[in-house]
Amino acid sequence: MKSRSLVLLICLLSSCAYLPTLNKKNESCYFPIDKNYPGGLVNYYLKSNDSDLKNKLQMGNLKFMICRDDDLNANILAPIPLTYSKNKIEVTLNDELIDTLSIEDKFYRESRILIQNKDLVNPPSSMQERIEREYLQGLTAKNTLSSSDLKQTKMDIPVTGITSSEFGVRRFINGEPRNRHIGLDIAANEGEPIRAPLDGKVILIGNFFYKGNVVYLDHGNGLVSSYSHMSEETVVMNQSLIAGEVLGYVGSTGRVTGPHLHWEVYFLGVPINPEIFIN
Ligand SMILES: [Zn+2]
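Residues numbered from 1 in each chain as written. Predicted model: local features only at pLDDT ≥ 70, side-chain atom pairs only at ≥ 80, totals over all residues. Heavy atoms only, no water.

Right, let's talk about the sheet that holds strand 11 (residues 176–177) for a bit. What the three strands build is an open sheet, ordered 8-10-11; its pairing is mixed. Only two strands of the sheet have a single neighbouring strand rather than two, namely strand 8 (110–113) and strand 11. Across four bridges, the pairing between strand 8 and strand 10 (residues 170–173) is parallel. Looking at the pairing, Ile113 lines up with Ile173 of strand 10. (Pairing = 2+ DSSP bridges. Helix = DSSP H or I, 4+ residues; strand = E, 2+ residues; numbered from the N terminus.)

Here's what the structure looks like:
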């Protein structure tokens, strides 16, 4: 216990440069289970009381975090990138293979959309600096690794509406292949309130070229979410929100074809399907 307290103190003082270990005595690790596919999350169970497990274990080349139910059991949580192309994850302990997890093949459909405004499809060079700056701001936000007592990760859907584009869709704009869709689109009326799906803290607010009015929330321990294309936000930087609090309204700012919420969820900086967290 002493060493864990020390680790936590170092973590707080050094803004947590390594992967944290959650200590949840007598509580479950409330993470989604068995979503072993690209865009999902491995929740692997291991009997181990080794306090240095995070330095001895490898989940292939995936990032991972350890959540402990108690001193004997460890839940290993590893987000699987959409681009993960292998059909297995080799789990090694002290460089010895202890398990092989199979990765499911998941079908992601194609989506082809037309956008008339050519500046939004291929932005003018005068916009490149802004786009680069916003990309870096988003990159920093989604990789936030703050220590917090994350009690659960079951989320309520942030807005009432209809799913208009799922996570992972292979997109083509005006016939040209684009980046995969790394969020969930929920079409709703302009002005519909967007609510925090889980307790969190506002870590980024912006008016971005692609994302329009956007807010990023840090839920702690590597879990981050973002809300794009809002008509306006109702929160300020560093504000703490409790689940259900309104953070903004559905709009059509940025690169959109109609009013909707584009909702992203990141774990350890990796975008994963928000639907796996929904209650
Ligand atoms: Zn979207």
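This is not the end of the story, as more comes after the structure.
Let us now look at the coordination of the zinc ion. The coordination sphere of the zinc ion contains the protein donors His181 (NE2), Asp185 (OD), Asp185 (OD) and His262 (ND1), at a distance range of 2.0 to 2.7 Å. For the zinc ion, the four donor atoms are set out with angles of 54 to 151° between them, so the coordination reads as irregular. The motif formed by the donor residues of the zinc ion, counted along the single chain, is H-x3-D-x76-H. Taken together, the residues His181 in the loop between strand 11 and strand 12 (184–187) and His262 in strand 19 (residues 260–267) connect sequence positions 81 residues apart. Look at His262 and you get buried, because its relative accessible area is 9%. (Donors = N, O, S within 2.8 Å, 3.2 Å for Na, K, Ca; no water. Tetrahedral: all angles 85-135°; square planar, octahedral: opposite > 155°, others 65-115°. Buried < 20%, exposed > 50% of the residue type's maximum accessible area, 1.4 Å probe, protein only.)

A separate point is helix 4 (residues 128–142). The terminal C-alpha atoms of helix 4 lie 21 Å apart, and with 15 residues this matches the ideal 21 Å at 1.5 Å per residue to within 8%. Those residues of helix 4 that sit buried are Ile131, Glu134, Gly138, Ala141 and Lys142. Buried residues along helix 4 cover an arc of 90° about the axis, so they all sit on one side. Exposed and oriented more than 90 degrees from the buried face of helix 4 are Glu129 and Thr140. As for helix 4, its buried residues are in contact with strand 14 (200–208), strand 15 (212–220), strand 16 (223–233) and strand 19. (Expected span 1.5 Å × (residues − 1). Arc of directions from axis to C-beta. Contact = heavy atoms within 4.5 Å.)

What follows concerns the environment of Glu190. Inspection of the secondary structure assignment puts Glu190 in the loop between strand 12 and strand 13 (193–195). If we skip the residues at most four places from it in the chain, Glu190 touches Ser231, Val250, Gly251, Ser252 and Pro259. Looking at Glu190, its side chain comes within polar contact range of the side chain of Ser252, at 3.5 Å. (Polar contact = N/O pair within 3.5 Å; in protein donor to acceptor, adjacent residues only side chain to side chain.)

Here we take up the pairing of strand 7 (residues 96–102). With six bridges joining them, strand 6 (residues 88–93) and strand 7 adopt antiparallel strand pairing. Residue Glu90 lies in a different strand from strand 7, and its bridge partner there is Thr100. With antiparallel pairing between neighbouring strands as the criterion, strand 6 and strand 7 make up a hairpin whose turn holds two residues, including Asn94 at a positive phi of roughly 50°.

Let us look at the sheet that holds strand 3 (residues 57–59). Sheet architecture is open: three strands sit in the order 3-6-7, paired in antiparallel fashion. Whereas interior strands pair on both sides, the edge strands pair on one side only; in this sheet they are strand 3 and strand 7. Pairs of neighbouring strands in the sheet enclose a mean axial angle of 15°, with direction left out of account. (Axes fitted to C-alpha atoms, helices over the stretch in contact; angles between N-to-C directions.)

We now examine the pairing of strand 15. By the criterion of burial, strand 15 is predominantly enclosed, with nine of the nine residues buried. Pairing of strand 14 with strand 15 involves seven bridges; the strand directions are antiparallel. What sits directly across from Leu204, in strand 15, is Tyr216. Hairpin connection, strand 14 to strand 15: the antiparallel pair is bridged by three residues. Of the pairings in the sheet, the one linking strand 15 to strand 16 comprises six bridges and is antiparallel in character. In the sheet register, Asn213 faces strand 16, and the bridge partner there is Met230. Hairpin remark: strand 15 followed by strand 16, antiparallel, with two residues in the connecting loop; positive phi at Asn221, about 55°.

Here the focus is the nonpolar core. Grouped together as the largest cluster of nonpolar side chains are 37 residues, with contacts concentrated most on Ile194, Leu217, Tyr227, Leu247, Trp263, Phe267 and Ile272. Among the elements of the structure, strand 4 (65–68), strand 12, strand 15, strand 16, strand 18 (246–250), strand 19 and strand 20 (270–272) are those that each provide at least two residues to this core. The element best represented in this core is strand 19, accounting for four residues. Split by domain, the residues of this core number at least three in each of domain 1 (2–102) and domain 2 (110–277). Counting 18 residues, the second largest nonpolar core, distinct from the first, contains Tyr44, Leu53, Met59 and Leu101. (Core = buried A, V, L, I, M, F, W, Y, C linked by side-chain atoms within 4.5 Å. Domains from an automatic or database assignment.)

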